[in-house]
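# Secondary and tertiary structure notes
Listed below, chain by chain, are the residues.
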Amino acid sequence: MNLSGKTAIITGSNSGIGLGVARELAKAGADVVLNSFTDREEDHALAAEIAQETGTKARYIKADMSVGGECRALIEKAGACDILVNNAGIQHVAPIDQFPVDKWDAIIAINMNSAYHTMAAALPMMRAAGWGRIVNIASAHGLTASPYKAAYIAAKHGVVGMTKTVALETAQEPITCNAICPGYVLTPLVEAQIPDTMKEYDMSREDVIKNVMLERQPSKEFATVEQLGGTTVFLCSDAAAQITGTTISVDGGWTAL
Ligand code: NAD
């Protein structure tokens, strides 16, 4: 797939899946805009590294996806948005009666509301360009539930619903909107859940990985950021032009159970 001449904005992409998706899009020729809420030298260095490796233009733009105005400003500052990947996300694990209000609000804002703001800002640009691809990184938890993750699961189900709605609103235009639903991918977000999950289940790290995380992933393997990047590139290809409003699971069989 040749995405040269296309600009891709990937929210939450200085780490994990977002960074992996940005690398694969750049390898396919897209100019990528990396993002997170920090503004460190290493954030800009990641963009410079991708530019050097792929010969594409890669930039880093700071914007906090928990703030609606900053989500919209990210798209405007980028100046173009042919491909939008809503990926920024955080997690907190606790029973609902002990779920901290600030964590609830942050998860709903970053994991769900940010996609509303970025899509609202990006769609007019896609319409003006006559082409657009929106890829929302949801989760197997956008289709199923697990205990102790109420905010995350509410947000991810919301993203799946928003994806279908935007697909219907753009169905007669050269724009598609889909969600990718990964199972477990070993990224910093997943690493950070291990201690709390060990506490909730009173289990060792190894047992949490095998018996809790990968318990529902029949392949018993983590998905990789490269596989998620490859799936995103596919959704940007001509072969995927009639794929819209759907979810693609990259979950080792989780949702087949
Ligand atoms: P990660 O922690 O490695 O990456 C999350 C990214 O979001 C980081 O770049 C972080 O800086 C950014 N971010 C966090 N808060 C932000 C904010 N306020 N503004 C801007 N950026 C912010 O985690 P990951 O596993 O790569 O997760 C990426 C996405 O994939 C998330 O939406 C997550 O829910 C989803 N996901 C992950 C898995 C998994 O197993 N890792 C499974 C399913 C879905």
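Source: prediction; values computed, not measured.

### Comments concerning the overall build of the protein
A count of helices and strands for the protein gives eight helices and seven strands. Reported as C-alpha extents along the three principal axes, the dimensions of the protein are approximately 50 × 40 × 35 Å. When the accessible surface of the protein is totalled, it reaches about 11200 Å², and 53% of it is carbon and sulfur. Taking the average location of the 20 positive side-chain charges in the protein and that of its 28 negative ones, the two points are 4 Å from each other.

### So, the sheet that holds strand E3 (residues 58–62)
Taken together, seven strands build an open sheet; the order of strands is E3-E2-E1-E4-E5-E6-E7 and the sheet is parallel. Where the open sheet ends on each side, the last strands, each with one partner, are E3 and strand E7 (247–250). Ignoring which end each strand starts from, the neighbouring axes of this sheet average 20° apart. The sheet contact formed by strand E2 (residues 31–36) and E3 spans five bridges and is parallel. Bridge pairing links Leu 34 to Tyr 60 in E3. Across the sheet, helix H5 (residues 150–169) lies against strand E5 (132–137), strand E6 (175–182) and E7, angled at about 160° from E6, the strand it touches most.

### Overview of the domain arrangement of the protein
By convention, interface size is frequently given as the accessible area that disappears when the constituent parts associate. Its domain assignment divides the protein into domain 1 (7–185 + 223–250) and domain 2 (186–218). Spacing between the C-alpha centres of domain 1 and domain 2 amounts to 24 Å. Domain 1 puts 20 residues into the contact, and the matching count from domain 2 is 13 residues. Of the roughly 1300 Å² buried between domain 1 and domain 2 on both sides combined, carbon and sulfur atoms contribute 54%. By the criterion of area lost to domain 2, the three top residues of domain 1 are Val 93, Tyr 184 and Val 185, representing 46% of everything that side buries. Here domain 1 is connected to domain 2 by zero salt bridges. Taken together, the connections running from domain 1 to domain 2 amount to five residue pairs in polar contact (both at pLDDT 80 or more). The residue inventory of the side of domain 1 that touches domain 2, partitioned by class, reads 12 nonpolar, seven polar and one charged.

### Focus: helix H3 (residues 68–78)
Within H3, burial applies to Gly 68, Cys 71, Leu 74, Ile 75 and Ala 78. Seen end-on, H3 carries its buried residues on one side only, within an arc spanning 125°. For H3, exposure combined with an orientation more than 90 degrees from the buried face picks out Glu 76 and Lys 77. Those residues of H3 hidden inside the fold are in contact with strand E1 (7–10), E2, E3, strand E4 (83–86) and helix H4 (101–129). Downstream of H3 by a residue or two, Gly 79 has a phi angle that is positive, lying close to 85°.

### Some details on the site of the ligand
In the vicinity of the ligand lie 31 residues, with Asn 14, Ser 15, Tyr 152, Val 185 and Thr 187 positioned nearest. Between an oxygen atom of the ligand and a main-chain N or O atom of Ile 17, the distance comes to 2.7 Å. At a separation of 2.4 Å, an oxygen atom of the ligand approaches a polar side-chain atom of Thr 187. Coverage of the ligand by the protein chains reaches 92% of its 820 Å² of free accessible surface.

### Quick word on the side chain of Thr 176
One can find Thr 176 in strand E6. A relative accessible area of 2% places Thr 176 in the buried class. Other than its neighbours up to four places away in sequence, Thr 176 contacts Gly 132, Arg 133, Ile 134, Leu 235, Ala 240, Ala 241, Ile 243 and Thr 244.

Definitions and cut-offs
Residues numbered from 1 in each chain as written. Predicted model: local features only at pLDDT ≥ 70, side-chain atom pairs only at ≥ 80, totals over all residues. Heavy atoms only, no water. Helix = DSSP H or I, 4+ residues; strand = E, 2+ residues; numbered from the N terminus. Areas by Shrake-Rupley, 256 points an atom, 1.4 Å probe, with all protein chains shown as cover. Lys, Arg positive; Asp, Glu negative; His and termini not counted. Charge placed at Lys NZ, Arg CZ, Asp CG, Glu CD. Pairing = 2+ DSSP bridges. Axes fitted to C-alpha atoms, helices over the stretch in contact; angles between N-to-C directions. Contact = heavy atoms within 4.5 Å. Domains from an automatic or database assignment. Buried area = accessible area lost by both parts, 1.4 Å probe. Salt bridge = Lys/Arg side-chain N within 4 Å of Asp/Glu carboxyl O. Polar contact = N/O pair within 3.5 Å; in protein donor to acceptor, adjacent residues only side chain to side chain. Nonpolar A, V, L, I, M, F, W, Y, C, P; charged D, E, K, R; others polar. Buried < 20%, exposed > 50% of the residue type's maximum accessible area, 1.4 Å probe, protein only. Arc of directions from axis to C-beta. Near = heavy atom within 4 Å.

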